[in-house]
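Okay, here's what each chain looks like letter by letter:
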Amino acid sequence: MNTKTMEGLVGARTNMNLLDTPFRVYKEARRKGDMGTMERAMGYVGAFSDQADEYRAEADEGTKQDAEDAREKMQAAREEAVRERREEREEFARKIEEKRDRNKEADTVEISEEGRTLGEDARTEADGTENTGVEAETAPSEKTGTEKPPIVYTKTGGISPQGQEAKLSVSV
């Protein structure tokens, strides 16, 4: 709450309370018929009433100023939120761009014709005693037309033996 608002409310309330005394004097003087006391009391009532109106105007001005300050704070908060969202969006776009750049910088492997023939030779030797570990796909062999089982590598890089399929027999 603004200082002007508090001062205006307190001042108006005090002056309204102060009106009670001269107004009570006025009523008593009217009952007695004392015109001089009545006029003097009404002068005080008018003065306190005017001061209460001035304080009420000050409280209204303070309230308007409070509303304006609140609007300014809300506008500043909105602008800050928009700025933060824009920065987040730019950061997100930058991260996506960096990720794309990293993907572009990734190493690619191209296998020459000689390498392909060596790979095929290694596949045919895989059934024999020597294994070079070049098996990477389960595509059908061009020579035999059959599909070779996939090779599973261990943590150390060696080839793990393929386990035989478990045979289930259920007797009832």
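Preceding this paragraph is the structure being described.
Quick caveat: nothing in here was measured; it's all calculated off a predicted structure. (Residues numbered from 1 in each chain as written. Predicted model: local features only at pLDDT ≥ 70, side-chain atom pairs only at ≥ 80, totals over all residues. Heavy atoms only, no water.)

## Details of the overall build of the chain
This is how it is decided: Secondary structure counts use DSSP, requiring at least four H or I residues in a row for a helix and at least two E residues in a row for a strand, with both numbered from the N terminus. Partly exposed residues are those whose accessible area sits between 20% and 50% of the maximum for their type, while under 20% is buried and over 50% is exposed, using a 1.4 Å probe and protein chains only.
A count of helices and strands for the chain gives three helices and two strands. Seen in sequence order, the chain has helices and strands lined up from the N terminus as α-α-α-β-β. Out of the 172 residues in the chain, the part that is buried amounts to 13%.

## Side note on the environment of Glu58
Defined as follows: We call two residues in contact when some of their heavy atoms are within 4.5 Å.
Relative to the elements of secondary structure, Glu58 occurs in helix H2 (residues 35–104). Placed 53 residues apart in sequence, Glu58 and Thr5 show a C-alpha to C-alpha distance of 6.7 Å. When neighbours within four sequence positions are excluded, Glu58 is seen to be in contact with Lys4, Glu7 and Gly8.

## Some words on helix H1 (residues 3–32)
Defined as follows: To estimate how far a helix should reach, multiply one less than its number of residues by 1.5 Å.
Along its 30 residues, H1 runs 44 Å from first to last C-alpha, staying within 8% of the 44 Å computed at 1.5 Å per residue. Taken as a whole, H1 has its buried residues at Thr5, Gly8, Gly11, Ala12, Asn15, Leu19, Pro22, Tyr26 and Ala29. A positive backbone phi angle near 85° is found at Gly33, which sits one or two residues after H1.

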